[in-house]
Amino acid sequence: LLLLLTAAAWGPRFSGAARSPQRRWPVPYRRFDYRPKTDPYCQARYTFCPTGSAIPVMKEEDVIEVYRLQAPVWEFKYGDLLGHLKIMHDAVGFKSSLTGKNYTMEWYELFQLGNCTFPHLRPGMDAPFWCNQGAACFYEGIDDAHWKENGTLVLVTTISGRSMFNEMAKWVKYDNDTGIYYETWRVQASPDKQSTVWFDSYECSKFILRTYQKLADLGAVFKKIQTNYTSIILFSGEPIYLGNETSIFGPLGNKTLAAAIRDFYYPFKPHRTIGEFFVDLLKIIDRVILNHQFYLFYNLEYWFLPMKFPYLKIIYEEVPLPVGSKTSFGV
């Protein structure tokens, strides 16, 4: 956790990179035609979606309650520890009036947060190796104790079966099949609310916000309640585009830049001793805080971030529940 909170501290120097012609900010999140198979090298300490099931088909006459679910990250292991830092995980719950069954839907990392935020430096491989897929998980039941004890379980709207819930389910499949990579960081120019956002995150809360918007566009009317979400923000000047894996690490790549990127990520490896941890922490502080350097991997491409004070911040910001529009969201 300490390394994550000081993760604004990475990045060796490089020279010779030109400013990117990219002027569309934030950089649009890239969607894909299909989800690739995961590499067997990628392993999770906790199984992804262990009790997952298919999304059921609801009847038109069904009235389904929709619940906002939120709890501290890793609450099942550490209780409210991360809740004090407002590092929260979001999900959405459903209850069928016809069957009385409850369901939970969420979106999170296939191989835990660390693997989505930092790569592996594998022997014999020049390029950093990423295990950064995220996906939707749907399963029967709502663990009331998990969401209520240290978080939130509150009704936000009611929807119909076929014309709203089933249409949402079709959208979830599209969203899950095409939005496949987890992006931890939001990157913006300053803490000011009106500052330029260079890159937006793509994680659990963003999936819930997209789901709410889809329901609103299908006709759902949400209650007037305050809703807040966690964002982990890096602060940077205008990012510099570096290239993709092939252009940097391939046979005709930039060997100096490739070595710099590998060196940047090295301190974020798993640590076996406390001494090793603090040595790498000092390297991180030197690079991000003192030398204002960070390498970002986004859309399968690398960018250099000229870091700025306050470098990194975790915020718990209000994002209002949506109002529907005439244009369908997503598809």
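Small disclaimer: the values here were computed from a predicted structure and weren't measured.

Participant: Is there a simple way to explain the sheet that holds strand β2 (residues 88–96) in this structure?
Facilitator: The strands making up a sheet associate through hydrogen bonds between their backbones, and the pairing can be parallel or antiparallel. Read from one edge of the open sheet, 5 strands run β4-β3-β2-β1-β5, paired in antiparallel fashion. Either end of the sheet is taken by a strand with one partner, and the two such strands are β4 (134–140) and β5 (152–160). Adjacent strand axes in the sheet meet at a mean angle of 25 degrees, parallel and antiparallel pairs treated alike. Both strand β3 (residues 102–109) and β4 contribute to a ladder of 7 bridges, which runs antiparallel. Opposite Trp 107, over in β4, you have Ala 136 as the bridge partner. Packed onto the sheet, helix α5 (residues 161–178) meets β1 (63–72), β2, β3, β4 and β5 and runs at close to 115 degrees relative to β5. Strands in contact with helix α6 (residues 204–217) are β1, β2, β3, β4 and β5; relative to β2, the strand with the most contacts, it is inclined by about 35 degrees.

Participant: Hey, could you run me through the packing of α5 against α6 in this one?
Facilitator: Each packed pair of helices is defined by two parameters, the angle between the axes and the distance between the axes. Axis separation between α5 and α6 bottoms out at 10 Å; the angle between their running directions is 140 degrees. Taken together, the axes of α5 and α6 are oblique relative to one another. Handedness of the crossing formed by α5 with α6: right-handed. Residues Met 164, Glu 167, Met 168, Trp 171, Val 172 and Asp 175 of α5 lie in contact with α6, whose contacting residues are Phe 207, Arg 210, Thr 211, Lys 214 and Leu 215. Tallied by class, residues from the contact of α5 with α6 come to 6 nonpolar, 1 polar and 4 charged.

Participant: It is not clear to me how the state of the cysteines should be interpreted in this structure. Could you clarify?
Facilitator: Where two cysteines share a covalent bond between their sulfur atoms, that bond is called a disulfide. Enumeration according to the criterion identifies 2 disulfides in this entry. Across the disulfide from Cys 42 sits Cys 131; the S-S distance is 2.0 Å. Negative torsions about the S-S bond denote left-handed disulfides, and the value of about -80 degrees found for Cys 42 with Cys 131 makes this one left-handed. Of the two residues, Cys 42 sits in the loop between α1 (2–5) and β1 while Cys 131 sits in the loop between α3 (112–117) and β4, which places them 89 residues apart along the sequence. The two residues Cys 42 and Cys 131 agree in class, both being buried. Covalent S-S linkage joins Cys 49 and Cys 137, the inter-sulfur distance amounting to 2.0 Å.

Rules used in this analysis
- Residues numbered from 1 in each chain as written.
- Predicted model: local features only at pLDDT ≥ 70, side-chain atom pairs only at ≥ 80, totals over all residues.
- Heavy atoms only, no water.
- Pairing = 2+ DSSP bridges.
- Helix = DSSP H or I, 4+ residues; strand = E, 2+ residues; numbered from the N terminus.
- Axes fitted to C-alpha atoms, helices over the stretch in contact; angles between N-to-C directions.
- Contact = heavy atoms within 4.5 Å.
- Parallel < 35°, antiparallel > 145°, perpendicular 65-115°, else oblique.
- Left-handed = near helix turned anticlockwise from the far one by under 90°.
- Nonpolar A, V, L, I, M, F, W, Y, C, P; charged D, E, K, R; others polar.
- Disulfide = S-S within 2.5 Å.
- Buried < 20%, exposed > 50% of the residue type's maximum accessible area, 1.4 Å probe, protein only.

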